[in-house]
Amino acid sequence: MSSQTLILVAVAGVALLAALGAFAIAWRRSTGETSWRSAVSRETQKADRPARELVKVGTVEQAPPEQEVTEEVVEVEEAEPELVLAHEQRVVEVSPEEAGVSRRQFFNRALGATFGSFVAVLGIELLAFMWPKLKGGFGASIDAGAVSDLLIATRATDGGTIPAFIPEARAYVVPVNESNLSHQFEGRGVAAGGLMALYQRCVHLGCRVPWCATSQGFECPCHGSKYDSIGEYANGPAPRNLDRFTVEVVDDRFIINTGDIIQTPRAPSRSVEYPQGPSCIAVVVEEN
Ligand code: FES
């Protein structure tokens, strides 16, 4: 797994944990103990308020000033304080069903549902990224068509090549004489049924490499790398041949395994002639 993939997986993991944490908080708020204020109606809260408005009223007799003071201790009996209710107290009990869903509960549940959906989508995308074969797109095995049809479509009447581009596989299917192949391709599973599947990316800096019919090769417009008709390095800054996929023939169908990219070094000698005519881009001096 490349470092870019690892970083992407790590970022997705952190986002997943953050989303789970936020979801757990929202869930706890919505299901935990709620304040008694949110559980009862406003009318009931008003009725409960007089409990805090009880008024104490009392009187205490005091000795008249400037009287002769004797040593006799006189016990003064204090009057019992009177309790007066400011309002009539009324308590109304309501069930959770009668109280209904408070505004706070509604927002907490909406928040929880939003984060739940986010986590579910993120999880599915993460799985699809890590296991692209589940999606059936690039990274999976792609059926490029019938071998017999591809052999006809990719071979010109004069014996030249006309690559068939397969968008789902991001690959050019080209005809190849397997008995003429360079040794570096032997046992790599890159040719089957007289066909090869070349990855469209230039191995220099990743531009898509177009086909040049006149020279019978692939020529990169970005920095001028050139490859022959089966993707062998010919010229320019590219460090190796065009990458290619492992392929197989199943019931006359040409199958490209786009999850299995094969890299090969610059061929010591090419398997096909190149160029066979004028180039589509300026000639670039070979590096190294
Ligand atoms: S990207 Fe193709 S030559 Fe640089």
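These figures come from a predicted structure and were not determined experimentally. (Residues numbered from 1 in each chain as written. Predicted model: local features only at pLDDT ≥ 70, side-chain atom pairs only at ≥ 80, totals over all residues. Heavy atoms only, no water.)

Details of the pairing of strand E13 (residues 253-262)
- The pairing of strand E3 (residues 141-146) with E13 spans 4 bridges and is antiparallel. By the bridge assignment, isoleucine 142 is partnered in E13 with isoleucine 256.
- Examined bridge by bridge, strand E12 (residues 244-250) and E13 share 7 bridges and lie antiparallel to one another. Across the sheet, the residue bridging to valine 249 is phenylalanine 254, located in E13. (Pairing = 2+ DSSP bridges. Helix = DSSP H or I, 4+ residues; strand = E, 2+ residues; numbered from the N terminus.)

Re a nonpolar patch on the surface
- Nonpolar side chains collect at one region of the surface, where Val101, Phe106 and Phe107 lie side by side and expose about 340 Å² of accessible area between them.
- Tracing the sequence through the fold places valine 101 in the loop between helix H4 (96-99) and helix H5 (103-130). (Patch = residues over 30% accessible without salt bridge, like charges linked within 9 Å, V, L, I, M, F, W, Y side chains within 5 Å. Areas by Shrake-Rupley, 256 points an atom, 1.4 Å probe, with all protein chains shown as cover. Salt bridge = Lys/Arg side-chain N within 4 Å of Asp/Glu carboxyl O.)

Looking at the pattern of salt bridges
- Counted by the stated rule, this structure contains 3 salt bridges.
- For aspartate 143, the salt bridge identified is with arginine 253, shortest N-O distance 3.0 Å. Of this pair, aspartate 143 sits in strand E3 while arginine 253 sits in strand E13, placing them 110 residues apart in sequence.
- The class for aspartate 143 is partly exposed, based on a relative accessible area of 41%. (Buried < 20%, exposed > 50% of the residue type's maximum accessible area, 1.4 Å probe, protein only.)

Describing the confidence of the model for the chain
- Chain-level statistics for the chain give a pLDDT mean of 80 and a share of 70% at 70 or above.
- Residue range residues 54-61 is modelled with pLDDT below 50. Its contacts to residues more than four positions away, or to other chains, number 13 contacts. (pLDDT = per-residue confidence, 0-100. Contact = heavy atoms within 4.5 Å.)

Observations concerning the sheet that holds strand E9 (residues 217-219)
- Spatial ordering of the open sheet is given by E8-E9-E10-E11, a layout of 4 strands whose pairing is antiparallel. Strands with a single pairing partner mark the edges of an open sheet, and in this sheet they are strand E8 (211-212) and strand E11 (233-235).
- The sheet contact formed by E9 and strand E10 (residues 226-228) spans 3 bridges and is antiparallel. Within the sheet, the bridge partner assigned to glutamate 219 lies in E10 and is lysine 226.

Side note on the state of the cysteines
- Taken as a whole, this structure holds 2 disulfides when the rule is applied.
- The partner cysteine of cysteine 207 in its disulfide is cysteine 222, sulfur to sulfur 1.9 Å. Measuring handedness by torsion sign, the sulfur bridge of cysteine 207 and cysteine 222 sits at about -105 degrees and is left-handed. Linking cysteine 207 in the loop between strand E7 (195-199) and E8 with cysteine 222 in the loop between E9 and E10, this pair joins segments that are 15 residues apart in sequence.
- Between the sulfur atoms of cysteine 212 and its disulfide mate cysteine 280 the distance is 2.0 Å. Given an S-S torsion of about 85 degrees, the disulfide between cysteine 212 and cysteine 280 has right-handed geometry. (Disulfide = S-S within 2.5 Å.)

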